[in-house]
Each structure stands twice: as C-alpha cells, then as structure tokens.
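# Inside the fold
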Amino acid sequence: MLLSYLKIAWKVLLRRKFFTFISLFGISFTLMILLVVYAMYDHTVGPHTPEKRVDRLLFTSTISIWSPNTSNISSPSYSFLERYIRPLRTPEKVSISTGRGSVVTYVGNTKLKLDQKYTDAEFWQVLDFEFIEGRPYSLAEVAAAARVLVINESTARNCFGTARGVLGRAFVTDDNMHYRVVGVVRDVPAARTYTYAEVWMPITTSTEDIHNAEYMGSCMAIMLARRPEDVPAIQREFAQAVARAPLPTNVYKWVKEVRLYAGTLLATVVREELDEYGPNDGVARFQQLGAGLALLFMLLPALNLVNINISRILDRSSEIGVRKAFGATGGALIGQFLVENVFLTLLGGLLGLALAAGALHLLNFSGLIAYTQFGINGRVFGVALTAILFFGLLSGVYPAYKMSRLNPVKALKGDQNAL
Amino acid sequence: MIRHLFTLIWNRRRANILLITEIFLAFVVLFVVGSLLVYHAHNYRTPLGFGYTQVWRINLDPGALPEASRVPTLRQVMARLRAMPEVVAVGRASGNTPFSGSTNGSDVGVGKEGNNIMGSVSGHLVEEDLREVLELPLVAGRWFDKRDDAATVRPAVISRDLGEALFPGQSALGKIVGRNGEELRVVGLIERFRADGDLEEARPAILMRVSPQDTVWGEAPVILLRVRPRADAALERQMNREILNIAKGWSVGITTLSEQRAAQLKRTLTPIVALVIVCLFLVVNVALGLFGVLWQTIQQRRAEIGVRRAMGATAGAISWQIVGEILVVATFGLALGLLVAAQFPLLGVFNVQAGVYGTAMLLAVGMIYLLTALCALYPSRLAAGIHPAVALREE
C-alpha cells in the first residue's frame, strides 16, 4: 500500500514539474536557513572543544556597580575574583583568566598581531583543549611567573613555519620579553568567546594589578562543577560570596549593589548579547524570541506549500472523484496525501541538508569569524529531521482534509468549486 | 469595474483566504525588515558632528603602576607626541571615544535638583585640544579655554537638542545642569556628537572639560590625536617605540578611528545582511507560489474565459481582469497587514520615530503590489491567448 502511494507520489511529482520545483525550492531553502542558524548556535554554545563538559561549566564575565539611576558595567578585576570567587567550596575548580587582549611579535620584518589571553594553571584543568604536542603550563610555573606559553596550531605555523616540533622555541614580544613554547593546541574558533585565543600566557607574567582593590578590571572566571546537578548549589554559594563583598563606596559614592552572576555558557553569552546585567539572565526571553521567530519564519513557506498543495489537489480532482466513487474512505485519502507530502518534504529535506552543508562550508572559507569550523553533527541532524517532519505535516494536513471532503459528483464533472 | 472586482473577490473570500494570509504575512516581513533598513539608513545619513579621518586613538594600560605616577607619565607621553612633526593636535578623553563600542548613558537635568531630566545622555570627558582633534564646530557660545581654569563649576558643552530639551524656548548658555550629582555650567553648544557610530540613533551629548591640572587617571585615560595626511605605519611604529621609552612596562594600543569605524560597521551590518538574504528568499518563495497558483487557476477557468471571449471581450480586457483580481486579493491582505503595522507607530514600539514606520509601510505596500502584478503578468497573457472556440469545445 505504502509502496503504491510512493509510486503515485513520484509520478505526480514528475507530471507537474513546475509545482514540484516550487515545493522543493521552498522546503530546501527554509530548511537550509534553519540549519545554518542552528549550526551557528550549536557552534557557539554547544559542547565542543574546549568547553566539552558544557553542562558542568559556569562562567562569570561582567560585573555591574549598580544603583537604580546609574550603573557601570565592566569585567571584574583579578583581585575581586581572587578574593571572593577563588575560595568557593562547591566547585571542583575555579579558573581566573583575562578577557581577550593582543600581543605583537615580529617574524623577520613582518608584524604579527595575535589574540592573547592570560590564564592561571587551573584554566587547562577546567577546560579540555586538544594538545597536538607539549603540555599546558603548570601551577608551579604560574606561581613562579615563568615566561612560558601555549600557542594554537595556526600561530605555530605562522611563527615557525611548522605546527610540529616547535616545543622549546622562543617567542619574543614587541616589548622584548622572551617566552618559551611549552604546548601547541588545535585552533579554537573565535566564536568560543571565553576561551578563544591564539596565544595563552601565565597570568602572573601580565602587568595586571593583583593587589589593586578596584572591583572593575579585565578578568573573568570559569568554574567546573563536580556533577551537573551541583550547578544550582554553586550559583547559590556564588551569590552569597558576592553579597559578602563590601560596597566600593570609596570610588562610586552612589553604589547600592554589586552585581555579578555565574551562568552557563548559553546564559553568559545571552546576557552579553541582550545587555542583561540584572538578576534575570534573559535565557527564557531569548528562547521565546527564538522559537517565535523560527515559527514565523516557517509559517510563510508552509502557507505557500499549502496553497500549492491545494492547487495540486484541484488538478487531480477527477482522480479523487473516481476513488471516492469506488468507496475510498476520507481517512484513506488523508493518509495517502500525507504520505505523498512527507515524501516530498523528505526529498526537499535531503536537498536542504546538502545546501546547508554547502553554505556552512562557504561560511568557513569566508573567514567571517576566525577559525570557525561550522558543521552538521548529530544534534544538528536531529533538529533537521524534526523540522522536516513538522514542516511536512504542517503543510499537508489542511489540503489532505480538504481532499477528503471533495464532493465526488462535482469532482467527476470537473467543477472548479468542488472544494 | 473596480467595484465589480471587489465584489467578485469578496464572494470568493473562502477560496482566497490562504492567498490573503500569505500576502498579509509577506507584508509583515517586508514591513519589519523595511523598518530596520529605513531606521539604519536614516541614522547613517544624519551627520556625525565630528571629523574622524586622520584621527588616531592611543590606549594606554599602566598595569600595576601606582595611581599617583600615571598622569605625570601620561603628560610626558603627550608632550613627546605633540613634538612630532606629523602630529597636528593631541588631547585626552574618556574611554568612550567615537566608534570604540564603549558607551555612557546618564541622566542630565536642570540645576542640581534636576528638573526636565533627560535620560541616556552620552557623557564625555575631554581636554581643550580635542576640539581641534575632532574638528568640532560650535553652534553658539564658546569652547573650553584658559578662562575655565579658575571656574568653580566644571564647564560643559552640550548638543543643541539637549539644550532645547532642558531649557525650552530659551538659551542654554550660562545655565547650570546636573549630572550624577555634579553641577556643570553650559558654556557652548554643538550641533551633535554621535560617538556611538554611524548606524546608531543620534543621542544628545554632553562634553565636560578635563583641565591639564586634573590628576585622576580614570577620568580621561585615552589619547586622541590628529595626524597629517602623510602619516603611515612607520609613524605608528615610531610612536609605539617612543611611548614605551617614556612609559616603561605599560602596554600601548594604537588604532585609527577609521579602522574602528569599519569594524563597527561590519559588526552591525553582518546580521542585517543575513536578515535581508532571508527576507529575499521568503519573498521569492511567495512570488513563486503566487505564480503557480495563478497559473493553475487560469487552467481551470478556461471555460469561463472562453465564454467571455466569445461574448466579445478583448484580449486586453481579459488580461486586465486577471491582474486586477490579484491586485484586489493583495489589497485585502495589505489592509490586514496595515492594521497590524499601524500599531507600531501608534503604540510607540521601540521608541522609533513614526516617520520610519511610515516610510517602511509605503515601501512594503509598493513592493507587494509590484510583486503580485509581476507574478500575474504571465498567467494573464496566457489567459488572454485562450481561443474561445478551443476553450468552449473542451466543455
């Protein structure tokens, strides 16, 4: 039965090639755009290297010195994090690092400006970088302010001409500091805002003022929970620690509250994108907005498909009339039409998947965001499949219902008002 | 004729409801994307109020250096920069320099108690020389100068719209305004100062003076300087070296405002371009669908059209009827869409000027009519070509 439905579907597709083209165009492009957007989302906040254990990680990157009328927003200082966040007990490990900076080096006469990050030794334990060779710098090296560094693969190639065998080579910055390479990691995409860099150095070798009592600075903290279930407990302890910090009234006379929150990768990114620095991280708003926009976006192509599908039914009204006259039930007709429609949607879906892969490939090559490797993985594929089926049903149900209600007598006479 | 068409479509409203909904949604999409484009185009066309080409920004990070010796070192650096022949003018400013992405928004009101409070005014701390660096033209009053050294109240220059909002119907010159509990005396007016960038909405601005005697590092830690047109990368390297000679252990970042502007434009425009691509796809999708449905309809109405032709209707009249019908269907969809779109300016959504929404509505309406007419053109020609004898024999 199913096989004969599919055969009919295939014949119908071939008969009205223009309609088939319109349907496939709509389905495949809609799916392509949904997939590209989802792949970007997954690439930014999904579990990927170096944040593989994303369900156990908590981030804090913005401090707000707040009063109802005025607020100053910045990254927290090293000393603030060291004093109030480092001693937290619930997290397994706490890492403090700077935001993104840059370092300049000269290779021969060419100037290389590299994205750089100062980190502590815990940084390498909290995160899962893929080391091509060498190792991260150790607690002892950070404590001793040893001039050692970890670089990414591309930097190794740009500085030394090769990505292998560069351990122990010297890296000289423009202010004439000599660093020694101890590790090379695989490139981290720039979309991983909190861990991305091209060069990582021990935080003790920076000019960052450790003893400065000012709350605003240029640092961030990453916390690793022992288990995913510990996350709320960490957030509670974190909130208590922030509440214990005295208000910096010596600098900001108007301050009423110091606001600093620990959130998941998604929450932290959303906070920055939506400029939400209050107690509410805006993830719920972001999700509602995203779901609403996706639905709205899919509604227009779906309506278009419904329209086309109804035209197709009109085209086949005599066939349906005959089947009804011979006793086919409404349910059987609905079933047939839905099978046909899902078949068409699946075809469009395959095409869309291919188009999305091509588009992502183009995006990777365009260099819009450094070191991106957008791709279609299992999660993205799952989303694609769900979207395809949703789409097929959405655009098939109403025409199928109409089809089953077709008046056989009028349909057989070829009356255009049979519907 | 037109009334006749409306009756015809109204009688077939159940059959046309899907087309009407589709046109309604297409209009909403075009209206939203159009509003965004009109809004940004309007902002882009408003002058910035300052000159940014040939202006460089030097960011100095003193690291762990104690607070007390920072400003003296900064002054030495500035003296050295001023002595360079390629440099025209040098001035200190607060971190929210043009295109830097860092912004400030504070309430500014009349007097200390704060009447007529104006929210999110862009506040900048600047040195005297910044007028020359950024080529700021004054509308009224005067710029900061030596006379202000003796002033007990810090002097400020404000943008004209801020002056008009605070002191409606009178001159703001010489008046006292309050910001974050500090009193400031207005000494001059500028037309505008859009440090947020080309695509951001123009905000009122207040520029406050930093005198050479001020020693607070955080007030104005950034150097802006104007260079002669022949300045290049060699000058940048020389500056970097000479600054590091004076400020040992500091870190120095030199960028040009043009570079920062380009980076900011790219950041803002990338999502907009993506949105326009998506919108274009949706519109093409709708157009293809419309075309298909119309084509199908013509195939089905061959008999009716044949009869009309046999009764003496010209090919042109048939064509016009088909195009007219689809334009009427579009009108129904647009009427629904305009009802929704009108809510935006009426409710003042996003605090955007009503004119922006009005222009976007006009553009979207025009686009939809154009689109439907274009899609109907080929099917209408097809209909006009139907031969009455052939069509009627099929019956």
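The following paragraphs examine the structure supplied in this document. (Residues numbered from 1 in each chain as written. Chains lettered and ligands numbered in written order. Predicted model: local features only at pLDDT ≥ 70, side-chain atom pairs only at ≥ 80, totals over all residues. Heavy atoms only, no water.)

## Some points on the overall build of chain B
When helices and strands are tallied, chain B shows 12 helices and 11 strands. At 31 Å, chain B has a C-alpha radius of gyration far larger than the 21 Å of a compact globule built from 395 residues. Dimensions of chain B along its principal axes, counting C-alpha atoms only, are 100 × 50 × 35 Å. A total of 395 residues make up chain B; the buried ones form 48% of that total. Counting only carbon and sulfur atoms, one obtains 60% of the accessible surface of chain B, whose full area is about 18,700 Å². Mean positive and mean negative side-chain charge positions of chain B (40 and 33 charges, respectively) differ by 6 Å. (Helix = DSSP H or I, 4+ residues; strand = E, 2+ residues; numbered from the N terminus. Rg over C-alpha atoms; globule rule 2.2 N^0.38 Å. Buried < 20%, exposed > 50% of the residue type's maximum accessible area, 1.4 Å probe, protein only. Areas by Shrake-Rupley, 256 points an atom, 1.4 Å probe, with all protein chains shown as cover. Lys, Arg positive; Asp, Glu negative; His and termini not counted. Charge placed at Lys NZ, Arg CZ, Asp CG, Glu CD.)

## Overview of the overall build of chain A
When its secondary structure is counted, chain A shows 13 helices and 14 strands. Relative to the globule expectation of 22 Å for 419 residues, the C-alpha radius of gyration of chain A, 29 Å, shows a markedly less compact shape. Taking the principal axes of the C-alpha coordinates as reference, chain A spans close to 90 × 55 × 35 Å. For chain A, buried positions account for 49% of its 419 residues. Taking all contacts inside chain A whose residues are at least 6 apart in sequence as the whole, residues at least 24 apart take part in 75%. Just so you have it, chain A exposes about 19,000 Å², and 60% of that area is on carbon and sulfur atoms. Taken as two groups, the 42 positive and 33 negative side-chain charges of chain A have centres that lie 10 Å from each other. (Contact = heavy atoms within 4.5 Å.)

## Some thoughts on the interface of chain B and chain A
Facing 34 residues of chain B, the contacting portion of chain A comprises 34 residues. In this assembly, chain B packs against chain A so that about 3,100 Å² is buried in total across both faces, 64% of it on carbon and sulfur atoms. Per-residue buried area on chain B facing chain A is highest for B:Leu18, B:Phe281 and B:Gln296; these three make up 19% of the total on that side. Summed over the shared surface of chain B and chain A, the result is 3 residue pairs in polar contact (both at pLDDT 80 or more). Taken together, the elements giving at least two residues each to the side of chain B that touches chain A come down to helix H2 (13-45), helix H6 (233-246) and helix H7 (257-300) of chain B. Its residues placed into classes, the side of chain B that touches chain A shows 16 nonpolar, 11 polar and 7 charged. (Buried area = accessible area lost by both parts, 1.4 Å probe. Polar contact = N/O pair within 3.5 Å; in protein donor to acceptor, adjacent residues only side chain to side chain. Nonpolar A, V, L, I, M, F, W, Y, C, P; charged D, E, K, R; others polar.)

## Observations concerning the pairing of strand E3 (residues 106-110) of chain B
Residue and element names in this part refer to chain B. Most of E3 sits out of view: 4 of its 5 residues are buried. Examined bridge by bridge, E3 and strand E4 (residues 115-126) share 3 bridges and lie antiparallel to one another. The residue of E4 that forms the bridge with Ser-106 is Val-121. In the sheet, E3 pairs with strand E7 (residues 176-179) via 3 bridges, with the strands oriented antiparallel. The residue of E7 that forms the bridge with Val-110 is Val-177. (Pairing = 2+ DSSP bridges.)

## Looking at the packing of helix H8 (residues 265-274) of chain A against helix H9 (residues 283-315) of chain A
Residues and elements named next belong to chain A. Where H8 meets H9, the closest approach of the two axes is 9 Å, and the angle between their N-to-C directions is 80°. One element, H8, and the other, H9, form an angle in the roughly perpendicular class. Judged by residue contacts, Leu-266, Ala-267, Val-270 and Leu-274 of H8 engage Val-283, Arg-285, Phe-286 and Gln-287 from H9. Per-class residue counts for the contact of H8 with H9 are 6 nonpolar, 1 polar and 1 charged. (Axes fitted to C-alpha atoms, helices over the stretch in contact; angles between N-to-C directions. Parallel < 35°, antiparallel > 145°, perpendicular 65-115°, else oblique.)

## Focus: H6(B)
Between its terminal C-alpha atoms H6(B) stretches 20 Å, which fits the 20 Å expected from 14 residues at 1.5 Å a residue. B:Leu235, B:Met239, B:Asn240, B:Glu242 and B:Ile243 are the residues of H6(B) that are buried. (Expected span 1.5 Å × (residues − 1).)

## Some remarks on the pattern of salt bridges
Residues and elements named next belong to chain A. Summed over all chains, the structure comprises 34 salt bridges over all chains. A salt bridge links Asp-128 to Arg-53; the shortest N-O distance between them is 3.0 Å. With Asp-128 in the loop between helix H4 (122-126) and strand E7 (131-134) and Arg-53 in the loop between helix H2 (17-45) and strand E1 (57-60), this pair connects stretches of sequence that are 75 residues apart. We classify Asp-128 as partly exposed; its relative accessible area is 25%. For Arg-53, a relative accessible area of 23% corresponds to the partly exposed category. (Salt bridge = Lys/Arg side-chain N within 4 Å of Asp/Glu carboxyl O.)

## Quick look at the sheet that holds strand E14 (residues 257-260) of chain A
All names here are of chain A. Here we have 4 strands laid out as an open sheet, ordered E12-E3-E2-E14, and antiparallel in their pairing. Of all strands in the sheet, those bounded by a partner on one side alone are strand E12 (216-217) and E14. Sheet analysis places strand E3 (residues 71-76) next to E12, joined by 2 bridges and oriented antiparallel. Bridged to Ser-75 within E12 is Gly-217.

## A closer look at the state of the cysteines
Disulfides are covalent bonds that connect the sulfur atoms of two cysteines. Tallied over the full model, the rule gives 0 disulfides over all chains. Between B:Cys279, a cysteine without a disulfide, and B:Cys375, which holds the nearest cysteine sulfur, the sulfur-to-sulfur distance is 15 Å. (Disulfide = S-S within 2.5 Å.)

## Some words on the side chain of A:Thr30
Position of A:Thr30 among the secondary structure elements: in helix H2. Within the structure, the side chain of A:Thr30 is placed 2.5 Å from the backbone oxygen of A:Gly26, a separation counted as a polar contact.

## With respect to the environment of B:Ile2
Structurally, the position occupied by B:Ile2 is in helix H1 (residues 2-11). Once the C-alpha coordinates of B:Ile2 and B:Leu338 are considered, the two residues, 336 residues apart in sequence, prove to be 21 Å apart.

## Topic: unusual backbone geometry
Excluding glycine, residues mostly have negative phi values, and the peptide bonds linking residues are mostly trans. Cis rather than trans, the peptide bond between A:Thr49 and A:Pro50 has omega equal to 0°. With respect to the helices, strands and loops of the structure, A:Pro50 is situated in the loop between H2 and E1. Even without being glycine, B:Ser120 reaches a positive phi, approximately 40°. Within the secondary structure layout, B:Ser120 lies in strand E4. Given a relative accessible area of 40%, B:Ser120 falls into the partly exposed group.

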